[in-house]
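Topology and contacts: notes
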Amino acid sequence: MTRNLFYRAANIVQLSRFTLLAGSRLLCTQTQAEPPTVRQQNNGIRRIILNNPKKRNALSLSMLESLRSNILADIESDDLRVIVISAKGPVFSSGHDLKELTSAQGRDYHTKVFQACSEVMTLIQDIPVPVIAMVNGVATAAGCQLVASCDIAVVTEKSTFATPGVNVGLFCSTPAVAIGRAVPKKVAMEMLFTGSPISAQDALRHGLVSKVVPEERLEEETLAIARRVCQASRPVVALGKATFHRQMAQGWDAAYATASRVMVDNLALRDGQEGIRAFIEKRKPVWTNKAEKANDE
């Protein structure tokens, strides 16, 4: 009798330990935070998904750092040809997390946030592969800045774009850098001074986005562009992208001088000569996708 009671007590203790351990594991799984961004890559196309829909994909410091990390990962790999940035939920991005911008956070923290944001936006233009924004919903403030910073933007008919910072006492000065270079001055100023949103069609008309498509065709249309980019030579695309941004900041004569030098440099690439030979021989080019000189053969 005493022995049976002892075994029962031991079993109860063991069961309690098991239950406590299982509960701890479950609690840990439930409370584990999801990453701010998710990175996927297949056939040369890297997809980066803003992954905080509960906070309207706000560009918090952690979101910006995650975005920067996912952009830069293996950026020089020949396997990476194009990046597509999209978002989970009905809001592409609502801009900065205003809770991070209260006086309680302090000037140093604020400086860190805006430096990180500026670095990400500049990085998008500086990296050697094209970046495409795939937008299905609202993009405001720094979220609109992100769209304007991308090389290409494909959006749905229901998408809207705004710089509403003025209405909460924080003028969208950093978004204005990218937006002011994407749309005419007076369009940018109206967006900045009123905070009023513009439709996808107006964004297309003014040059903020590249293409407006039905929601059900957004992914198909975006990936079609991405796959087309993948068909070109990586170093040729990289050279072209870098040159485009460089000459846009120059005067007319300097821009032509820069572009002319780069055309000659392009011809010196092995892939540059391969493309010309393939055209003459009426065949598809076979790219090396390496920045090798033709005379290195």
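Residues numbered from 1 in each chain as written. Predicted model: local features only at pLDDT ≥ 70, side-chain atom pairs only at ≥ 80, totals over all residues. Heavy atoms only, no water.

Test applied: UniProt positions are given in the numbering used here, feature names are shortened, and annotations may be inferred rather than shown by experiment.
You'll find the protein entered in an unreviewed UniProt entry as Enoyl-CoA hydratase domain-containing protein 3, mitochondrial, with Oncorhynchus tshawytscha given as the organism. One UniProt comment on the protein, placed under Subcellular location (unreviewed entry), says "Mitochondrion". One UniProt comment on the protein, placed under Function (unreviewed entry), says "May play a role in fatty acid biosynthesis and insulin sensitivity."

1. Some words on the sheet that holds strand β2 (residues 45–50)
Rule in force here: Here, any two strands with at least 2 DSSP bridges between them count as paired. Secondary structure elements follow DSSP: runs of H or I no shorter than four residues count as helices, runs of E no shorter than two count as strands, and numbering proceeds from the N terminus. Axes here refer to lines fitted to C-alpha atoms; in helices the fit is confined to the stretch in contact. Angles between the N-to-C directions go from 0 to 180 degrees. Throughout, a residue-residue contact means that at least one pair of heavy atoms, one from each residue, lies within 4.5 Å.
Spatially, the 6 strands line up as an open sheet ordered β1-β2-β3-β5-β7-β10, and their pairing is mixed. Every other strand in the sheet has two partners, leaving β1 (37–42) and β10 (211–213) as the edge strands with one partner each. Sheet twist, expressed as the mean angle between neighbouring strand axes with direction ignored, is 20°. Its contacts with the sheet place helix α2 (residues 61–72) against β1, β2 and β3 (82–87), and it is angled at close to 175° to β2.

2. Observations concerning the nonpolar core
Quick note on the threshold: For this analysis, a nonpolar core means a set of buried residues of the types Ala, Val, Leu, Ile, Met, Phe, Trp, Tyr and Cys, connected via side-chain atoms within 4.5 Å. Partly exposed residues are those whose accessible area sits between 20% and 50% of the maximum for their type, while under 20% is buried and over 50% is exposed, using a 1.4 Å probe and protein chains only.
One finds Ile-71, Ile-83, Ile-85, Phe-161, Leu-208 and Val-209 to be the most contacted residues of the largest nonpolar core, which totals 48 residues. When residues of this core are assigned to their parent elements, the largest contribution, 7 residues, is made by helix α3 (residues 107–126). Filtering out sequence-adjacent residues up to four positions away, Ile-85 remains in contact with Ile-48, Leu-67, Phe-92, Ile-124, Val-131, Ile-132, Ala-133, Met-134, Leu-146 and Cys-150. Among the nonpolar cores identified, the runner-up in size contains 12 residues, and Ile-45, Leu-218, Ala-226 and Cys-230 belong to it.

3. Considerations on helix α8 (residues 218–230)
The periodicity of an α-helix, 3.6 residues per turn, causes residues three or four places apart in sequence to face the same way. This is how the line gets drawn: A helix is expected to span 1.5 Å for every residue after the first.
Compared with an ideal rise of 1.5 Å per residue, which puts 13 residues at 18 Å, α8 spans 19 Å between its outermost C-alpha atoms and is within 8% of the ideal. Taken together, the buried positions of α8 are Leu-218, Glu-221, Thr-222, Leu-223, Ala-226, Val-229 and Cys-230. Each element contacted by the buried residues of α8 is listed here: β2, β3, β5 (131–135), β7 (152–156) and β10.

4. Some points on the pattern of salt bridges
Worth spelling out the cut-off: Think of a salt bridge as a Lys or Arg side-chain nitrogen and an Asp or Glu carboxyl oxygen that are within 4 Å of each other.
Throughout the structure, instances matching the rule amount to 12 salt bridges. Note that Lys-241 is salt-bridged to Asp-151, the shortest N-O span being 2.9 Å. With Lys-241 in helix α9 (residues 234–248) and Asp-151 in the loop between α4 (142–149) and β7, this pair connects stretches of sequence that are 90 residues apart. The exposure class assigned to Lys-241 is buried, which follows from its relative accessible area of 9%. Residues Arg-217 and Glu-221 are paired through a salt bridge, measuring 2.1 Å at the closest nitrogen-oxygen approach.

5. Structural notes on the packing of aromatic side chains
Worth spelling out the cut-off: Ring pairs shown here join Phe, Tyr and Trp side chains whose ring centres sit within 6.5 Å, with only the six-membered ring taken for Trp; geometry is labelled stacked below 30 degrees between planes, edge-to-face above 60, and tilted in between.
The full count for this structure, using the stated rule, is 2 aromatic pairs. Ring geometry for Phe-171 and Phe-193: centres 6.0 Å apart, planes at 50°, overall tilted. Here the residue Phe-171 occupies a position in the loop between β8 (160–162) and α5 (173–179), and Phe-193 occupies one in helix α6 (residues 185–194), the gap between them amounting to 22 residues. When its relative accessible area of 53% is taken as the criterion, Phe-193 is described as exposed.

6. Some details on the packing of α2 against α3
Rule in force here: Working rule for angles: under 35 degrees goes down as roughly parallel, over 145 as roughly antiparallel, 65 to 115 as roughly perpendicular, anything else as oblique. What makes a crossing left-handed is the near helix being turned counterclockwise from the far one by less than a right angle; a clockwise turn instead makes it right-handed. The classification used treats Ala, Val, Leu, Ile, Met, Phe, Trp, Tyr, Cys and Pro as nonpolar, Asp, Glu, Lys and Arg as charged, and all other residues, Gly among them, as polar.
At their nearest, the axes of α2 and α3 sit 10 Å apart, and the two run at 30° to each other. Taken together, the axes of α2 and α3 are roughly parallel relative to one another. Judged by the twist between their axes, the crossing of α2 over α3 is left-handed. Seen from α2, the contacting residues are Leu-61, Leu-64, Glu-65, Leu-67, Arg-68, Ile-71 and Leu-72; seen from α3, they are Tyr-109, Lys-112, Val-113, Ala-116, Cys-117, Glu-119, Val-120, Leu-123 and Ile-124. When its residues are assigned to classes, the contact of α2 with α3 shows 12 nonpolar, no polar and 4 charged.

7. Some thoughts on the packing of α9 against helix α10 (residues 252–267)
Close contact between α9 and α10 brings their axes to 10 Å; oriented N to C, the two are set at 170°. Here α9 lies roughly antiparallel to α10, going by the angle between them. Counted together, Val-236, Leu-239, Thr-243, Arg-246 and Gln-247 of α9 and Ala-255, Thr-258, Ala-259, Val-262, Asp-265 and Asn-266 of α10 form the full contact between these two elements.

8. Comments concerning a nonpolar patch on the surface
Selection rule: In this analysis, a patch consists of residues with relative accessible area above 30% that form no salt bridge, clustered at 9 Å for like charges and at 5 Å for the nonpolar side chains Val, Leu, Ile, Met, Phe, Trp and Tyr. Note on areas: these come from Shrake-Rupley sampling with a 1.4 Å probe, and a residue is covered only by the protein chains present in the view.
A cluster of nonpolar side chains, contributed by Val-166, Phe-171, Met-189 and Phe-193, occupies part of the molecular surface with about 330 Å² of accessible area. Topologically, Val-166 is positioned in the loop between β8 and α5. Judged by relative accessible area, Val-166 falls into the partly exposed class, the value being 31%.

9. A short note on the environment of Pro-285
By the element assignment, Pro-285 lies in the segment after α11 (270–280). On the basis of relative accessibility, which here comes to 33%, the residue Pro-285 falls in the partly exposed class. Spatially, the C-alpha atom of Pro-285 lies 9.9 Å from that of Gly-272, the residues being 13 residues apart in sequence. With residues up to four places along the chain from it excluded, the contact list for Pro-285 reads Glu-274, Gly-275 and Ala-278.

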